[in-house]
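# A closer look at the structure
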Amino acid sequence: SKKLRNEFNISDNIPLIGNVAAIAPHKDYYTFINTAEELLKRNIKAKFFIIGTGPMEEEIKFFCTQKKINDHIIFTGFRTDIHEILPELDIFLITSETEGLGTSIIDAFACKVPVVATRAGGIPEIVKHEKNGLLAEVKDTKELANHVERILNGSLDKSKIIAEQQEILKKFSKSVTAEKTLQEYLSIK
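In what follows, the accompanying structure is described. Owing to the predicted nature of the structure, the values given are computational and were not obtained by experimental measurement.

## Notes on the packing of aromatic side chains
A full pass over the atoms with the stated rule returns four aromatic pairs. Consider the rings of Phe-32 and Phe-48, whose centres lie 6.4 Å apart with planes at 90°: the pair is edge-to-face. Of the two residues, Phe-32 is situated in helix α2 (residues 29-41) and Phe-48 in strand β2 (residues 47-51); the sequence distance between them amounts to 16 residues. Of the residues examined, Phe-32 reaches a relative accessible area of 0% and is grouped as buried. Judged by relative accessible area, which is 0%, Phe-48 ranks as buried. An aromatic cluster of at least three residues, connected via ring pairs, comprises Tyr-29, Phe-32 and Phe-48. Of note, Lys-61 hangs over the ring of Phe-75, and the distance from its end group to the ring centre comes to 5.2 Å.

## Description of the pattern of salt bridges
Applying the stated criterion across every chain, the model contains 17 salt bridges. Here Glu-38 makes a salt bridge to Lys-142, at a shortest N to O gap of 3.5 Å. Within this pair, whereas Glu-38 is found in helix α2, its partner Lys-142 is found in helix α7 (residues 141-152), the two being separated by 104 residues in sequence. A relative accessible area of 12% places Glu-38 in the buried class.

## Some thoughts on the environment of Val-116
Its location among the elements puts Val-116 in strand β5 (residues 115-118). Each C-alpha atom, one on Val-116 and one on Leu-144, is 6.9 Å from the other, the two residues being 28 residues apart in sequence. Those residues in contact with Val-116, other than ones at most four positions away along the chain, are Ile-91, Phe-92, Leu-93, Ile-94, Leu-134, Leu-144, His-147, Val-148 and Ile-151.

## Thoughts on empty space enclosed by the protein
Summed over the entire model, instances satisfying the criterion amount to one cavity of 30 Å³ or more. A volume near 30 Å³ is recorded for the largest cavity. Lining the largest cavity are Pro-114, Ile-151, Leu-156, Asp-157, Lys-158 and Ile-161. Residue composition of the lining of the largest cavity, grouped by class: four nonpolar, no polar and two charged.

Here is what the cut-offs are and how they apply
Residues numbered from 1 in each chain as written. Predicted model: local features only at pLDDT ≥ 70, side-chain atom pairs only at ≥ 80, totals over all residues. Heavy atoms only, no water. Phe/Tyr/Trp six-rings, centres within 6.5 Å; stacked < 30°, edge-to-face > 60°. Helix = DSSP H or I, 4+ residues; strand = E, 2+ residues; numbered from the N terminus. Buried < 20%, exposed > 50% of the residue type's maximum accessible area, 1.4 Å probe, protein only. Lys NZ or Arg CZ within 6 Å of the ring centre and 35° of its normal. Salt bridge = Lys/Arg side-chain N within 4 Å of Asp/Glu carboxyl O. Contact = heavy atoms within 4.5 Å. 1 Å grid on protein atoms, 1.4 Å probe; cavity = no way out; pocket = protein on both sides within 12 Å on 5 of 7 lines; lining within 4 Å. Points joined across faces, edges and corners; volume = space filled by probe spheres on them. Nonpolar A, V, L, I, M, F, W, Y, C, P; charged D, E, K, R; others polar.

Written as C-alpha cells, this is what we have:
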C-alpha cells in the first residue's frame, strides 16, 4: 500500500526511513534526528518518519526546528494502522540508548523491512550484524548513517537480509508470544 506516500504526498523515488516507538528518553530520538541530518548532508533525499507519540515530542520537534530539517522529518502522531504503514518503510531505523526485547524490530522483520539499529539492550540478540540487519554503537550517528546508505545504494544484498530476518522470526515468535501475553495480563488493571 502507499498509505504514507499518499497521506504525506511523497513521490515514489524518495526512500522512507522510520521508527515506531514512544517519543521517550530511552529511545534517543536525538540520535535519530542527528542521523537524519547526517544523511541529508550527504545528499540522501529521504523522508524520516517518527511514528508514535510521547513525553518528548515537543522537545524533539524543537530539535528539528533548530537543525532546520523540519521538511524532512514527519511526525505521524499515534497510529492504529502500524501493520499497514510499517511495510512501506524502506528502512527501519532504531536508535535506542536502552531497549528491552525490541518487539518493534520483530514487527519490522515480519514486514520485511531492513533494520539499522544500535547495540542497545536486547537488540543484538535479534539483529545480527551483516546477516539480518546492521548495528552501530549507541549514539554513533556517522556509523548509523553509513549503514542506511549501504542499504539505500544497494551495496548490501537486501533480499539476503530479508531471508535471514525470516529465519530469526521463527526462533522469536514463541518467546514474543509469551512476552506479549504477559504484557496483556500486566496491562489489565
